[in-house]
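Structural overview for review
One-letter residues, chain by chain:
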Amino acid sequence: MGKSNAPATSAPQHTLWQKAFTRDLEWRKDELRDVVFWVIGAFSLALGMLFGLLGLQGLPCFIAFFAGVVLVPSFYWTSFLGVDDEDFGGKMEVLGDSIGTGAAIFVLSWVGVFTLLH
């Protein structure tokens, strides 16, 4: 009998977009950091626009942003994705360079919306 030409079965491959909305999958560090980058970007944009719409000003807004930028993604990957951040070097290792970019998005959207409306 000859060899079969049928492809070997393996675990289904998920795109990063699919993995971002599916619980209990295997994650590589770079994949998780990419998803967290976009979560922080979206959160920063939404919060900046909200603060601009409400006309909020001052240091409490920055404190709320930095608290949220750590808590929201942490909640997302631990509660929703079921990922233990210690497997990837800890919370700050996963957040990585995303906080700086998120801060820039937050300030630009906050100031832009505030300037347009007030």
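This is a predicted model, so every value here is computed, not measured.

**Let's talk about helix 2 (residues 29-54)**
Between its first and last C-alpha, helix 2 extends 37 Å over 26 residues, near the 38 Å set by a 1.5 Å rise per residue. Where helix 2 is buried, its residues meet helix 1 (16-19), helix 3 (59-80), helix 4 (91-95) and helix 5 (98-117). Of the residues one or two after helix 2, G55 is the one with positive phi, at around 75°.

**A look at the packing of helix 2 against helix 5**
Direction vectors running N to C along helix 2 and helix 5 enclose 20°, while the axes themselves pass 7 Å from each other. It follows from the interaxial angle that helix 2 and helix 5 lie roughly parallel. The way helix 2 lies across helix 5 gives a crossing that is right-handed. Residue composition of the contact of helix 2 with helix 5, by class: 14 nonpolar, eight polar and one charged.

**Some remarks on the packing of helix 2 against helix 3**
At their nearest, the axes of helix 2 and helix 3 sit 10 Å apart, and the two run at 145° to each other. Classified by chirality, the crossing of helix 3 by helix 2 is right-handed. Along the contact surface, helix 2 presents L32, V35, V36, V39, I40, F43, S44, L47 and F51, while helix 3 presents C61, A64, F65, G68, V69, V72, P73, Y76 and W77. Split into classes, the residues belonging to the contact of helix 2 with helix 3 amount to 16 nonpolar, two polar and no charged.

**Describing the environment of D84**
With respect to the helices and strands, D84 occurs in the loop between helix 3 and helix 4. Taking the relative accessible area as the measure of exposure, D84 reaches 40% and is therefore partly exposed. The spacing of D84 and S74 is ten residues in sequence and 9.7 Å in space, taken between C-alpha atoms.

**Some thoughts on the environment of L25**
Tracing the backbone shows L25 in the loop between helix 1 and helix 2. Taking the relative accessible area as the measure of exposure, L25 reaches 24% and is therefore partly exposed. Considering only alpha carbons, one finds L25 and V83, 58 residues apart in sequence, at a separation of 8.5 Å. When sequence neighbours within four positions are dropped, the list of residues in contact with L25 reads H14 and K19.

**Some details on the confidence of the model for the protein chain**
Mean pLDDT over the protein chain works out to 87, with 90% of the residues at or above the 70 mark. Averaged pLDDT values for the elements of the protein chain fall to 83 in helix 1 and rise to 95 in helix 5.

**What to know about the pattern of salt bridges**
Taken as a whole and judged by the stated rule, the model has seven salt bridges. Its salt-bridge partner being E31, residue K19 comes within 2.6 Å of it at the nearest N-O pair. With K19 in helix 1 and E31 in helix 2, the pair connects residues that are twelve residues apart, well separated along the chain. E31 shares its class with K19; the two are buried. In this structure, D24 and R23 form a salt bridge, with 3.8 Å as the shortest nitrogen-oxygen distance.

The rules behind each value
Residues numbered from 1 in each chain as written. Predicted model: local features only at pLDDT ≥ 70, side-chain atom pairs only at ≥ 80, totals over all residues. Heavy atoms only, no water. Helix = DSSP H or I, 4+ residues; strand = E, 2+ residues; numbered from the N terminus. Expected span 1.5 Å × (residues − 1). Contact = heavy atoms within 4.5 Å. Axes fitted to C-alpha atoms, helices over the stretch in contact; angles between N-to-C directions. Parallel < 35°, antiparallel > 145°, perpendicular 65-115°, else oblique. Left-handed = near helix turned anticlockwise from the far one by under 90°. Nonpolar A, V, L, I, M, F, W, Y, C, P; charged D, E, K, R; others polar. Buried < 20%, exposed > 50% of the residue type's maximum accessible area, 1.4 Å probe, protein only. pLDDT = per-residue confidence, 0-100. Salt bridge = Lys/Arg side-chain N within 4 Å of Asp/Glu carboxyl O.

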